[in-house]
Amino acid sequence: MIIRKVYVMMASFMVLSQYAKSEVGDSLQVSRTSIEKESGISSSVNVAEVVVTGTRQKTDIRHLPMTVSIVGKEVLTQRQQPNVMPTLSESVPGLFVTSRGMMGYGVSNGAAGDVMLRGIAGGAGQVMVMIDGHPQYNGIYGHPIADTYQSLYAQQVEVLRGPASVLYGSNAMGGVINIVTDKNNNKGHHLDASLGTGSYGTVQGDLAYRMNGDKLSASVGGQYMRSDNHRPHMGFEQYGGFGKLSYAISQNWNAWADINVTRYNSSYPGTIDVPMLEADQWITRGFATAAVEHEYENTSGRVSFYSTYGWHKINDGYKANDPSAKPQARYFRSKDALTGISAYESFKLFEGNRLTVGIDYQKIYGNAYYTSRATGEVLETQNKQSGRVDNNEIAAYVDFRQDIMDWLTIDAGIRWDKHNVTGDEWIPQIGLVVRPVESADLKATVSKGFRNPTMREMYLYPPSNEELMPEKMMNYEIAWKQRFTSFSYGINIFLIDADNIIQTVERKNVNTGEIKNKGLEAEASWAINKHWRLTTNHSFLNMKYHVLAAPEYKGMLGVNYASERWNAGAGVQQLAGLFTVTGANEHKENATLVNMNVGFHATKAITLWMRGENLLGEKYEVIAGYPMPKATFMGGIRFKL
């Protein structure tokens, strides 16, 4: 059944490609601005798309050998999703984010929000989420915290599929998701507010004020959302705010600083078979950045100071159907911070050349302990190391890119990374881009990724092992991209070979695991006319060693309509071979998910919106024991002044 579905989708993709080639021709009168204006989506195959993720400075994506997908602001806000992760999971081939309810991912036992990229797990710290190029992850556990990545402050999201460790070091082993914050380029004062409500007592709202003057610009905003979700004891509430201040020192120099704090409270319901009571979590996460940057014709660079931090308080709860179970007498608590300095300079030494050099330093702090629920005092325990633990690492890197004539670009980079426990690591990368015709490019890369062991793996819990070494991965990839006036498509194949993967064997963490994945990804976008656009993406993954929450096939077919008064979208997402249990009792899920959204611009300032998800009421699980909700609906109003 899975093979049949895949065959039909691939056949449709090839027919669509051939039609576009014969009817549209080789005209190149396509621009990123016009495509985004009509469709609200930018794909990694459009002409003149500019990214910063694969190179540190603004670069035409056609000159980079890496595979980068771009999801613009219009797509991030079209369905009024308060978090960027659901949109990315649908829009980017090879990317999947686990979930268990209508709203809220949570942490600790049974948590969702694991970012899977080509079968490489963000929950294991192997995929990095960044904000404006700065790492965002829990300092003790090494994984991203999915609930904190808000659409409210995102201008666009750039997803680099494949290792990015040359530029970003540890945890960028399988790729990076870089949230580029709003640059606030519109002059004057602007107010944006939204309020919505829907299934299971779900409420979401946000408010943002933006000001842009000749030299000074500022943004400030806040967000609130809550949901009872579709199961008892699964409530979620989140609130937070952000602020950003930017000052143009001169035509070439700029300084900016931002801060974000998010607080959420969630309840862990347990599995259907083993429900839990009092399994509550109180989490505070934040980040802060200060940077000075410059841009001239032949040089650009930035120096930045950043910190991501958090405070966690967790009640592990007790089994609801066990008469002998008792409420916990203690809370698990943790504090962590990742603080660093990053500096880079990019030079254009001669025509077609770009040389980037940089240094990074970061200190990772963690403290995990228990406190008494009755008295609040810190408890001494035998199975957990209390007290402060620090790790630090320093790195330097060089990336060289050269255009040779008009049709060939070569790119090579290397990073030296020194960790205070695991020692030195060298990370190379090389790639090339061939442009046989102006409308297309062929890319090939060989790149290494790595991940240093986390504090949890080295110091906490009985399996801890201070002698762990970094995980290592090699990625081999070839990609083809082509674009026409109203149609663009891309296809790439990859091979991943990783070793030294940290596993728990006989109650001890050791470097014995392997990853051997190979796959194919394809995407296409067709602007049928000024109102209608068709988009699709597909990913096929073959894993020698199966990984939880990594679908063997993920496909999406979407249609969007936009006019002066209306915008609407409908999409069908197919999941096949989604592993919810691995090992002896292996289990895979298949699901067909239908989503829709509608917006009506009642006035220039007021938009009414509605969205529906899983409209067929599909019964499926992403995490074993946690059935997903059936059809859900949200609706609301948005003001823009």
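Focus on the sheet that holds strand β7 (residues 128-131)
Point 1. Read from one edge to the other, the open sheet built from five strands follows the order β3-β9-β10-β7-β8, with strand pairing classed as mixed. What marks the edges here is a single partner per strand, and that holds for β3 (67-72) and β8 (134-136). Strand-to-strand twist in this sheet, taken as the mean axis angle between neighbours without regard to direction, amounts to 25 degrees.
Point 2. Examined bridge by bridge, β7 and strand β10 (residues 175-181) share four bridges and lie parallel to one another.

Overview of the pairing of strand β11 (residues 188-198)
Point 1. The sheet contact formed by β11 and strand β12 (residues 202-212) spans eleven bridges and is antiparallel. Each residue of the ladder has a partner; that of Leu195, found in β12, is Gly205.
Point 2. What sits between the antiparallel neighbours β11 and β12 is a turn of three residues, in which Tyr200 has the positive phi angle 60 degrees.
Point 3. Summarising the sheet, β11 and strand β37 (residues 632-640) pair through seven bridges and their orientation is antiparallel. Pairing of Asp192 across the sheet is with Lys640, part of β37.

As for the environment of Gly221
Point 1. As for its placement among the helices and strands, Gly221 is situated in strand β13 (residues 216-227).
Point 2. Distance in space between the C-alpha atoms of Gly221 and Thr592 is 36 Å, their sequence separation being 371 residues.
Point 3. Beyond its immediate chain neighbours, meaning those up to four positions away, Gly221 contacts Leu152, Leu207, Ala208, Gly240, Gly241 and Phe242.

Some remarks on the pattern of salt bridges
Point 1. Applying the stated criterion across every chain, the model contains 29 salt bridges.
Point 2. Its salt-bridge partner being Arg161, residue Glu521 comes within 2.5 Å of it at the nearest N-O pair. Here Arg161 lies in strand β9 (residues 154-161) and Glu521 lies in strand β29 (residues 509-527), a separation of 360 residues in the sequence. The pair Glu521 / Arg161 is uniform in exposure class, with both members buried.
Point 3. With a closest N to O distance of 2.7 Å, Arg226 and Asp228 form a salt bridge.
Point 4. Taking relative accessible area as the criterion, Arg226 reaches 26% and is therefore assigned partly exposed.
Point 5. Relative accessible area serves as the criterion here: at 39%, Asp228 is assigned to the partly exposed category.
Point 6. Through salt bridges with shared partners, one network takes in Arg118, Arg161, Glu477, Glu521 and Glu523.

Re the nonpolar core
Point 1. Ranked by internal contacts, the top residues of the largest apolar core, which has 57 residues, are Val84, Met85, Leu88, Val157, Ile177 and Ile179.
Point 2. The element contributing the most residues to this core is strand β28 (residues 487-504), with four residues.
Point 3. Residues within four places of Val84 in sequence aside, it is in contact with Leu76, Tyr149, Gln150, Ser151, Ala154, Val157 and Ile179.
Point 4. Counting 40 residues, the second largest nonpolar core, distinct from the first, contains Met130, Ala164, Ala172 and Tyr370.

Description of the side chain of Thr67
Point 1. Topologically, Thr67 is positioned in strand β3.
Point 2. In contact with Thr67, other than residues within four places in its own chain, are Arg118, Val159, Leu160, Arg161, Glu477, Ala479, Lys481 and Asn492.

Points about helix α4 (residues 84-91)
Point 1. For α4, a buried count of seven out of eight residues is recorded, marking the element as mostly surrounded by other parts of the structure.
Point 2. Regarding α4, the residues found buried are Val84, Met85, Thr87, Leu88, Ser89, Glu90 and Ser91.
Point 3. Backbone nitrogen of Met85 and a side-chain oxygen of the N-cap are separated by 2.8 Å at the start of α4; the cap is Asn83.

Digging into unusual backbone geometry
Point 1. Backbone geometry places His233, a non-glycine residue, at a positive phi of 55 degrees.
Point 2. With respect to the helices, strands and loops of the structure, His233 is situated in the loop between β13 and β14 (236-248).
Point 3. The class of His233 is partly exposed, set by a relative accessible area of 48%.

Observations regarding a nonpolar patch on the surface
Point 1. Together, Leu349, Phe350, Phe400, Ile404, Met405, Trp407, Ile410 and Leu432 make up an exposed nonpolar region whose accessible area comes to about 720 Å².
Point 2. Looking at the secondary structure, you find Ile404 in strand β23 (residues 388-404).
Point 3. Taking the relative accessible area as the measure of exposure, Ile404 reaches 33% and is therefore partly exposed.

Concerning the environment of Ser563
Point 1. Residue placement: Ser563 occurs in the loop between β31 (551-562) and β32 (566-581).
Point 2. A relative accessible area of 24% places Ser563 in the partly exposed class.
Point 3. Sequence spacing of Ser563 and Gly413 is 150 residues, and the spatial spacing of their C-alpha atoms is 45 Å.
Point 4. Beyond its immediate chain neighbours, meaning those up to four positions away, Ser563 contacts His531 and His601.

Notes on the side chain of Thr536
Point 1. Its place among the elements puts Thr536 in strand β30 (residues 532-543).
Point 2. Among the polar contacts listed, one links the side chain of Thr536 to the side chain of His538, at a separation of 2.7 Å.
Point 3. At 2.8 Å, the side chain of Thr536 and the backbone oxygen of Met556 are in polar contact.

A word on the environment of Val581
Point 1. Examined against the element boundaries, Val581 turns out to sit in strand β32.
Point 2. Taking C-alpha positions, Val581 is 8.6 Å from Val547, a pair spaced 34 residues apart along the chain.
Point 3. Among all residues touching Val581, those that are not within four sequence positions of it are Leu548, Glu586, His587 and Ala624.

With respect to the pairing of β9
Point 1. Most of β9 is tucked away: seven of the eight residues are buried.
Point 2. For β3 and β9, the ladder comprises six bridges, and the chain directions are antiparallel. When the sheet's bridge partners are listed, Gly72 is paired in β9 with Gln156.
Point 3. In this sheet, β10 lies alongside β9 in antiparallel orientation, the contact comprising seven bridges. Along β10, the bridge assignment pairs Val159 with Ile177.

Definitions and cut-offs
Here the residue index of a chain counts from 1 through its sequence in written order. Whole-chain, interface and lining totals are the exception, using all residues; otherwise, since this is a predicted model, local features are given only for residues with pLDDT of at least 70 and side-chain atom pairs are given and counted only at 80 or more. Where side-chain values are given, they derive from all heavy atoms of the structure, hydrogens and water being excluded. At least two bridges found by DSSP between two strands are what make those strands a pair. Put simply, DSSP H or I for four residues or longer makes a helix, DSSP E for two residues or longer makes a strand, and each gets a number counted from the N terminus. An axis is simply a line fitted to the C-alpha atoms; with a helix, the fit covers only the stretch in contact. Between two such axes, the angle follows the N-to-C directions and lies from 0 to 180 degrees. Contact between two residues is taken to exist if any of their heavy atoms lie within 4.5 Å; hydrogens are not considered. For salt bridges, the criterion is a side-chain nitrogen of Lys or Arg within 4 Å of an Asp or Glu carboxyl oxygen. The rule is simple: take the accessible area with a 1.4 Å probe, protein chains only, and divide by the maximum for that residue type; under 20% is buried, over 50% is exposed, in between is partly exposed. As used here, the term nonpolar core means buried Ala, Val, Leu, Ile, Met, Phe, Trp, Tyr and Cys residues forming a set that is joined through side-chain atoms within 4.5 Å. In protein, a polar contact requires one atom able to donate a hydrogen and another able to accept it; more generally it is a pair of N or O atoms within 3.5 Å, and residues adjacent in sequence count only if both atoms are side-chain atoms. Patch building starts from residues that exceed 30% relative accessible area and form no salt bridge, then joins like charges within 9 Å and nonpolar side chains (Val, Leu, Ile, Met, Phe, Trp, Tyr) within 5 Å. Here, Shrake-Rupley sampling with a 1.4 Å probe gives the accessible areas, and only protein chains in the shown set may cover a residue.

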